[in-house]
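# Structural characterization, general
Residue-level listing of the chains:
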Amino acid sequence: MLFRSRPFPIVLLCAASALVIFLIIPLMGKLYSKTLAGFSDVKSKKLSSEKASELISRDSKTNTAFQALLLRDVKTVLREPAFFANGPLFEFLFPLIIIVGLLVPVTLESELSIEQIITFIKTSYQSLSPEALEKAYYIGTLAISYLIFFTGINSNIASTAFSREGKSLSTLKAMPFTFETLLKAKFWHAMSYVFVGNAIYALLLVILNCILASILPWLLLIKLIFLMLIFTSAISIPVIFADLLIDLANPKLNWENPAAAFKQNFNALFAMLFSMVMIAIGAGLAYLLPKNYMSLIYISALFAIIGAPLGSLYFRYGVKRLHVL
C-alpha cells in the first residue's frame, strides 16, 4: 500500500542502492586489487622498433615541479581506496544524503505529490516581498556555503597531507625540488576540494532552478554562485593552513595500513573541531551584520585576513619542520 501511494522514494532508494552495489563497489574493488599487487606491478609488452622510434621522436610534455607534485598528491588519494573512502568520497556522497534525506520524508509524510510541492514552492516564492527575498537569498547563500565548506574541509585532505606520505616522506624529500614547492602543492590540493564542492552544488542549483521553471533569474543565480565561491574560499584558507600546520607538527608517519593515516590520526579530529569553531564564528558574524550581500564580502575579507599570517607561518615553519622529519 505504501509503495502504491508513494512509489518515487522507494524507487530512488533502490536506484541509489543499485548504484553503490553495481557501480561503486566493483570500481573500488578493482582499485583495491591494484593496491594489493602494487601500482608498479603492471604487465607490459615489448615495443616494435618502429613504435619505439615514434615514441622517442615525439615531443614530450614536461610539467613543473609544482604541477608534478600536485598531480602526484591527487593521484595518490584517488588511487588508494583507503584514502579515497575516508576522504574525498564524503564530498560526493554528502549531497546525495541531503537530497534523499529531504526528499523521502517530505514525500512520505506529506499528502502532496512532487508536482504539488513544486507548485507550493513557486507560489510561496512569488508571494515574498523584496526585503524578504533579499534576506532569503542571504540565508540560502550562507547555508549552502557552509555545506560546501563542511564537506570540502572534512575530506581531511589537509589534516592528513603529510601523514599520508608515511615512511616514504624521506624518499620524497630527497627528490630535486624545494620544500616550498611541496608545501604549496599540499595547500592547493586541499583547496581543490573546496572548488570541487562549489562545482557540485552549483550544478545542483542549476538543476533545481530548471525543475522550478527558472524561478530564479539566471543572472541572479550566477551572482549567488559567485558569492558562494568567494565565501567558501575565504573561510577555507585559514582552516586549511591550520590543518596543515597541525599535521606538520605531529604527522602520523609510522603506519602499515593506509587507513590508519585517516582513522587513527587525531589530527583529523582536531581539524574537524577547528572547522566547527570557524562555522560558529562565521554564523555569529552573519547574525550580527545586516542581511545583505556586502555582509558576506565583509566576513570573507575577515577570514582572508586571518588566513594571511597563518599562511606565512605555514611556509616558514614548514620548511624548517620538513628538514627534521
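None of the values given here were measured: they were computed from a predicted structure. (Residues numbered from 1 in each chain as written. Predicted model: local features only at pLDDT ≥ 70, side-chain atom pairs only at ≥ 80, totals over all residues. Heavy atoms only, no water.)

## A few points about the overall build of the chain
Note the following rule: The way it works is that DSSP assigns letters per residue, a run of H or I at least four long becomes a helix, a run of E at least two long becomes a strand, and they are numbered from the N terminus. Partly exposed residues are those whose accessible area sits between 20% and 50% of the maximum for their type, while under 20% is buried and over 50% is exposed, using a 1.4 Å probe and protein chains only. Should any heavy atoms of two residues lie within 4.5 Å, those residues are counted as being in contact.
Helix and strand counts for the chain come out as 14 helices and zero strands. Starting at the N terminus, the α and β elements of the chain follow one another as α-α-α-α-α-α-α-α-α-α-α-α-α-α. A total of 325 residues make up the chain; the buried ones form 38% of that total. The long-range share in the chain, meaning contacts at least 24 apart out of those at least 6 apart in sequence, stands at 85%.

## Here's the deal with the pattern of salt bridges
Where we set the bar: Any carboxyl oxygen of Asp or Glu that lies within 4 Å of a side-chain nitrogen of Lys or Arg is treated as forming a salt bridge with it.
Counted by the stated rule, this structure contains five salt bridges. Of the charged contacts, one joins Asp73 and Arg164 as a salt bridge, the two residues approaching to 3.1 Å between their closest N and O atoms. Pair noted here: Asp73 is in helix α4 (residues 65-79) and Arg164 is in the loop between α8 (130-153) and α9 (169-173), with a separation of 91 residues, a long-range link. Comparing Asp73 with Arg164 shows no difference in burial state: the two are buried. The salt bridge partner of Glu256 is Lys167, with a shortest N-O separation of 2.6 Å. Placement of the pair is Glu256 in the loop between α11 (218-249) and α12 (260-263) and Lys167 in the loop between α8 and α9, with a sequence separation of 89 residues. Across the pair, exposure class does not vary: Glu256 and Lys167 are exposed alike. Here the salt bridges do not stand alone but share partners, grouping Arg72, Asp73, Arg164, Glu165 and Lys186 into one network.

## A few points about the side chain of Ser233
Among the structural elements, Ser233 can be located in helix α11. A residue is classified by how much of its surface remains accessible, and Ser233, at 14% relative accessible area, is buried.

## Side note on empty space enclosed by the protein
Put simply, the rule reads: Both site types are read off a 1 Å grid over the protein atoms alone. A 1.4 Å probe that fits but cannot get out defines a cavity, while an open set with protein on both sides within 12 Å along at least five of seven lines defines a pocket; lining residues have an atom within 4 Å of a point. Grid points are joined across faces, edges and corners, and a volume is the space filled by probe spheres set on the points.
This structure, assessed with the given rule, holds one cavity of 30 Å³ or more. What lines the largest cavity is simply Gly152, Ile153, Ser155, Ile157, Ala158, Ala190, Ile240 and Asp243. Those elements that provide at least two residues to the lining of the largest cavity are α8 and α11.

## Looking at unusual backbone geometry
Backbone geometry at Asn156 places phi at a positive 60°, although glycine is not the residue there. Take Asn156: it is sitting in the loop between α8 and α9. The buried category is assigned to Asn156, whose relative accessible area is 11%.

## Observations concerning the nonpolar core
Basically, it comes down to this: Throughout, nonpolar core names a set of buried Ala, Val, Leu, Ile, Met, Phe, Trp, Tyr and Cys residues whose side chains join them through atoms within 4.5 Å.
Among the nonpolar cores identified, the biggest contains 63 residues, and Tyr137, Phe162, Leu216, Ile240, Leu244 and Tyr314 are the most heavily contacted of them. When contributions to this core are tallied by element, the ones reaching two or more residues are α4, α8, α9, α10 (179-211), α11, α12, α13 (266-288) and α14 (293-324). Beyond its immediate chain neighbours, meaning those up to four positions away, Tyr314 contacts Phe162, Leu183, Lys186, Phe187, Phe241, Leu244, Leu245 and Leu248.

## Structural notes on the packing of aromatic side chains
To be explicit about the condition: Each aromatic pair joins two rings of Phe, Tyr and Trp (for Trp, the six-membered one) with centres within 6.5 Å, and gets the label stacked for planes under 30 degrees apart, edge-to-face for over 60, and tilted for any other angle.
Under the definition given, this model contains 11 aromatic pairs. With centroids separated by 5.2 Å and ring planes inclined at 40°, the aromatic side chains of Phe90 and Phe94 adopt a geometry described as tilted. Of this pair, Phe90 and Phe94 both sit in helix α6 (residues 89-109), four residues apart, roughly one helical turn. Overall, the relative accessible area of 16% leaves Phe94 in the buried class.

## Digging into the packing of α8 against α11
Where we set the bar: Only C-alpha atoms enter the line fits that serve as axes; for helices the fit covers just the stretch in contact. Angles between N-to-C directions range over 0 to 180 degrees. Each angle gets one of four labels, with under 35 degrees taken as roughly parallel, over 145 as roughly antiparallel, 65 to 115 as roughly perpendicular, and the rest as oblique. Crossings are sorted by hand: turned counterclockwise from the far helix by less than a right angle, the near helix makes the crossing left-handed, and turned clockwise it makes it right-handed. Note on residue classes: Ala, Val, Leu, Ile, Met, Phe, Trp, Tyr, Cys and Pro are nonpolar, Asp, Glu, Lys and Arg are charged, and everything else, Gly too, is polar.
Remark: α8 packs on α11, axes separated minimally by 9 Å, with the N-to-C direction vectors making an angle of 40°. The orientation of α8 with respect to α11, classified from their angle, is oblique. Of the two elements, α8 crosses α11, and the hand of that crossing is right-handed. Mapping the contact onto sequence places Tyr137, Thr141, Leu142, Ile144, Ser145, Tyr146, Ile148, Phe149 and Ile153 in α8 and Leu220, Leu224, Leu227, Met228, Phe231, Thr232, Ile235, Ser236, Val239, Ile240 and Asp243 in α11. The residue makeup of the contact of α8 with α11, split by class, is 15 nonpolar, four polar and one charged.

## Brief notes about the side chain of Thr181
To be explicit about the condition: In protein, a polar contact requires one atom able to donate a hydrogen and another able to accept it; more generally it is a pair of N or O atoms within 3.5 Å, and residues adjacent in sequence count only if both atoms are side-chain atoms.
Counting through the fold element by element, Thr181 comes out in helix α10. Within polar-contact distance, the side chain of Thr181 engages the side chain of Thr178 at 2.8 Å.

## Remarks on the packing of α11 against α14
Their axes nearest at 8 Å, the elements α11 and α14 cross at an angle of 30°. The angle between α11 and α14 places the two elements in the roughly parallel class. α14 is crossed by α11, and the crossing has left-handed handedness. Taken together, the residues of the contact of α11 with α14 break down into 27 nonpolar, four polar and two charged.

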